[in-house]
Amino acid sequence: MLIAGFLALACVKLLYLPSYKSTDFEVHRNWLAITSSLGVQSWYHEATSQWTLDYPPFFAWFEFALSKVAVHFDPEMLVIKNLGYSSDKTILFQRLSVIVTDFVFAVGAWTCMKNMHNLKSVQARGPSRDAAIYTLLLTNAGLFMVDHIHFQYNGFLFGFLLLSIGAMMQEQYLLGSLWFCVLLNLKHIYMYIAPAYFIFLLRAYCFNNSAFSITRLVKLGSLVILTFVVSFGPFVNQIPQVISRLFPFKRGLCHAYWAPNFWAVYNLVDKALTIIGKKFGGDMIKIPTATDLNGTQASMTGGLVQDIDHVVLPSVPPLATFIITFLFMVPC
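Summarised in this report is the structure supplied together with it. (Residues numbered from 1 in each chain as written. Predicted model: local features only at pLDDT ≥ 70, side-chain atom pairs only at ≥ 80, totals over all residues. Heavy atoms only, no water.)

### What to know about the overall build of the protein
- A tally of regular secondary structure across the protein gives 14 helices and two strands.
- For the protein, the residues scored as buried account for 43% of the 332 residues in total.
- For the protein, the share of sequence-separated contacts (at least 6 apart) that also reach a separation of at least 24 residues comes to 71%.
- As presented, the protein carries roughly 17600 Å² of accessible surface, and 68% of it is formed by carbon and sulfur atoms. (Helix = DSSP H or I, 4+ residues; strand = E, 2+ residues; numbered from the N terminus. Buried < 20%, exposed > 50% of the residue type's maximum accessible area, 1.4 Å probe, protein only. Contact = heavy atoms within 4.5 Å. Areas by Shrake-Rupley, 256 points an atom, 1.4 Å probe, with all protein chains shown as cover.)

Below, the structure written as C-alpha cells:
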C-alpha cells in the first residue's frame, strides 16, 4: 500500500507540471544556486536576489543535495545572477523534486497509520480504516495545492512531523524527539508546537512511574543539543547572521498580507483608512490629509516580505512581535 499509494498519487501530480507557479519557485531556485555556487560561510550572507536564504541549516543542506541533481537538468538554474530563470528543464526538475521528496510524507503517513492501534482512544482497527487514514493523509487537498501548484516542500516537512508522531505512538520517545529536532532544523516555523512537545515528553518520558527521572531528562536534552550542534556547527562563526535571517522580528507581525486572522484585519483597516485619508483627509478627524499621505501607502500590500510601517494605525514594533509570539506559544 505504501509504494502503490505514493506512485498512484505521483502520477496525478505529474499532470500539474506546467501549472501556475508562485514566487516560491524562484525562491527555491535561488537557494539551489546559493548552496551550489558558494561556500558554506557565504550561504546566509548572499543577497544578490531579494529571496535570501532564511531557512535553517538542514534545509540549506537539503537544497545543496538537490543542486547535485539539478546540474544534470540545467546548469544555468544554478547561476546566482540568473534571477527569475525558469527554463522548461528547470521547471521539470523543481516540480519533480517536490513529487519525489513527498515520499517522506508517505512514509510518515504509513508509520502513523500502522501505529494507530497503540492509541487508547482508538476502539476499532481494521484494514479498511487503515487504508482510509493513509489515503486521507496522502490526498490532502491543501498540501496538493500549496506544494504541487503554488510550489513548496510542505509534504516533505510534514513527513518528518508524522515520523515523529508515529515514533511517539510506539513510545519511542527519543526517536520521536530526534525527528522533531530534524524538522525544526529544516523549517523553524514548527517552533510553534515545540512547547506542546516539551510538555508531552516531560510527562510521558521524563516521569517514569510517576517519579521524575533526571537521567531521562539528560538523555532528552543531550539529544536536542547534539542535533542543533550538528545543524549550526558549520555556521558557528556567523550565528548572529543566521539568526537574523531566521527570525527577522524587525518585520513586525504584519508584512505582505501574510499575517493571519487579527493582523490581516488590522492591515486591511489601515489600508482602508489610508484610502479614506487620501480622498477625504480634510474632513476626517484623526486621519492624515492627502498632503500628509503624499507618496505614502500601506506598504504591506506590495506582496514582498519586507520592513513595513502602517500609515494610520500604530505599527507593530519588534518587541511586541516577540512578546505576543512567545505568549501564544506557551501551553495553557
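### Brief notes about the packing of helix 9 (residues 173–184) against helix 11 (residues 214–232)
- Interaxial distance between helix 9 and helix 11 falls to 10 Å at its minimum, and their mutual angle equals 30°. Judged by the angle between their axes, helix 9 and helix 11 are roughly parallel. The handedness of the crossing between helix 9 and helix 11 comes out as right-handed. Contacts between helix 9 and helix 11 involve Leu174, Ser177, Leu178, Cys181, Val182 and Leu184 on the former and, on the latter, Lys219, Leu220, Leu223, Val224, Thr227 and Phe228.
- Within the contact of helix 9 with helix 11, the residues separate by chemical class into nine nonpolar, two polar and one charged. (Axes fitted to C-alpha atoms, helices over the stretch in contact; angles between N-to-C directions. Parallel < 35°, antiparallel > 145°, perpendicular 65-115°, else oblique. Left-handed = near helix turned anticlockwise from the far one by under 90°. Nonpolar A, V, L, I, M, F, W, Y, C, P; charged D, E, K, R; others polar.)

### Topic: the packing of aromatic side chains
- Applying the stated criterion to the full structure yields 26 aromatic pairs.
- Where phenylalanine 151 meets tyrosine 153, the ring centres are 5.6 Å apart and the plane angle is 75°; that geometry is what we call edge-to-face. There is no split in this pair, since phenylalanine 151 and tyrosine 153 are both buried.
- Judged by centre distance (5.3 Å) and plane angle (85°), the rings of phenylalanine 156 and phenylalanine 160 are edge-to-face. You can see phenylalanine 156 and its partner phenylalanine 160 sitting in helix 8 (residues 154–169), four residues apart, about one turn around the helix.
- Residue phenylalanine 160 is classed as buried on the basis of its relative accessible area of 11%. (Phe/Tyr/Trp six-rings, centres within 6.5 Å; stacked < 30°, edge-to-face > 60°.)

### Regarding the layout of surface pockets
- Roughly 480 Å³ of internal volume is contained in the second largest pocket.
- Taken together, 22 residues form the lining of the second largest pocket, with Cys181, Leu184, Ala194, Val224 and Phe228 sitting closest to its centre.
- Among the secondary structure elements, those contributing two or more residues to the lining of the second largest pocket are helix 9, helix 10 (194–206), helix 11 and helix 12 (239–246).
- Here the residues of the lining of the second largest pocket sort into 18 nonpolar, four polar and no charged. (1 Å grid on protein atoms, 1.4 Å probe; cavity = no way out; pocket = protein on both sides within 12 Å on 5 of 7 lines; lining within 4 Å. Points joined across faces, edges and corners; volume = space filled by probe spheres on them.)

### Brief notes about the nonpolar core
- If you look at the biggest cluster of nonpolar residues, it comprises 45 residues, and the most contacted ones within it are Phe59, Tyr153 and Leu186.
- Secondary structure elements with two or more residues in this core: helix 2 (24–37), helix 3 (57–70), helix 4 (88–101), helix 8, helix 9, helix 10, helix 11 and helix 12.
- Leaving out residues up to four positions away in the same chain, leucine 186 has contacts with Tyr55, Pro56, Phe58, Phe59, Phe156, Leu157 and Phe160.
- Residues Leu2, Phe105, Met113 and Leu162 belong to the second largest nonpolar core, which totals 15 residues. (Core = buried A, V, L, I, M, F, W, Y, C linked by side-chain atoms within 4.5 Å.)

### Some words on the side chain of arginine 245
- Tracing the backbone shows arginine 245 in helix 12.
- Here arginine 245 occupies a buried position and makes no salt bridge, while the nearest side chain of opposite charge, aspartate 54, is found at 7.4 Å.
- Among the polar contacts listed, one links the side chain of arginine 245 to the backbone oxygen of glutamate 46, at a separation of 3.1 Å. (Lys, Arg positive; Asp, Glu negative; His and termini not counted. Salt bridge = Lys/Arg side-chain N within 4 Å of Asp/Glu carboxyl O. Polar contact = N/O pair within 3.5 Å; in protein donor to acceptor, adjacent residues only side chain to side chain.)

### Re a nonpolar patch on the surface
- A surface patch of nonpolar side chains, about 770 Å² in accessible area, is lined by Leu319, Phe322, Ile323, Phe326, Leu327, Phe328 and Val330.
- Position of leucine 327 among the secondary structure elements: in helix 14 (residues 318–329).
- For leucine 327, a relative accessible area of 54% translates into the label exposed. (Patch = residues over 30% accessible without salt bridge, like charges linked within 9 Å, V, L, I, M, F, W, Y side chains within 5 Å.)

### Points about the pattern of salt bridges
- All chains considered together, the criterion is met by two salt bridges.
- In this structure, the salt-bridge partner of lysine 13 is aspartate 102, at a minimum N-O distance of 2.7 Å. One end of the pair, lysine 13, is in helix 1 (residues 2–14); the other, aspartate 102, is in the loop between helix 4 and helix 5 (103–114), and 89 residues separate them in sequence.
- On the basis of relative accessible area, lysine 13 is assigned to the buried category, the value being 8%.
- Aspartate 102 gets classed as buried once you look at its relative accessible area, which sits at 7%.
- Across the pair glutamate 26 and arginine 29 runs a salt bridge whose closest N-O atoms are separated by 2.9 Å. One end of the pair, glutamate 26, and the other, arginine 29, are both in helix 2, three residues apart, so they sit about a helical turn from each other.
- Residue classification places glutamate 26 among the buried residues on the basis of a relative accessible area of 12%.
- In this structure arginine 29 comes out as buried when scored by relative accessible area, which is 0%.

### Some thoughts on the packing of helix 5 against helix 8
- Viewed as axis vectors pointing N to C, helix 5 and helix 8 meet at an angle of 25°, and their least axial separation amounts to 7 Å. Considered as vectors, helix 5 and helix 8 are oriented roughly parallel to each other. Relative to helix 8, the crossing made by helix 5 is left-handed. In contact with Val104, Phe105, Val107, Gly108, Ala109, Thr111 and Cys112 of helix 5, helix 8 contributes Gly155, Phe156, Phe158, Gly159, Phe160, Leu162, Leu163, Ile165, Gly166 and Met169.
- Considered class by class, the residues forming the contact of helix 5 with helix 8 number 12 nonpolar, five polar and no charged.

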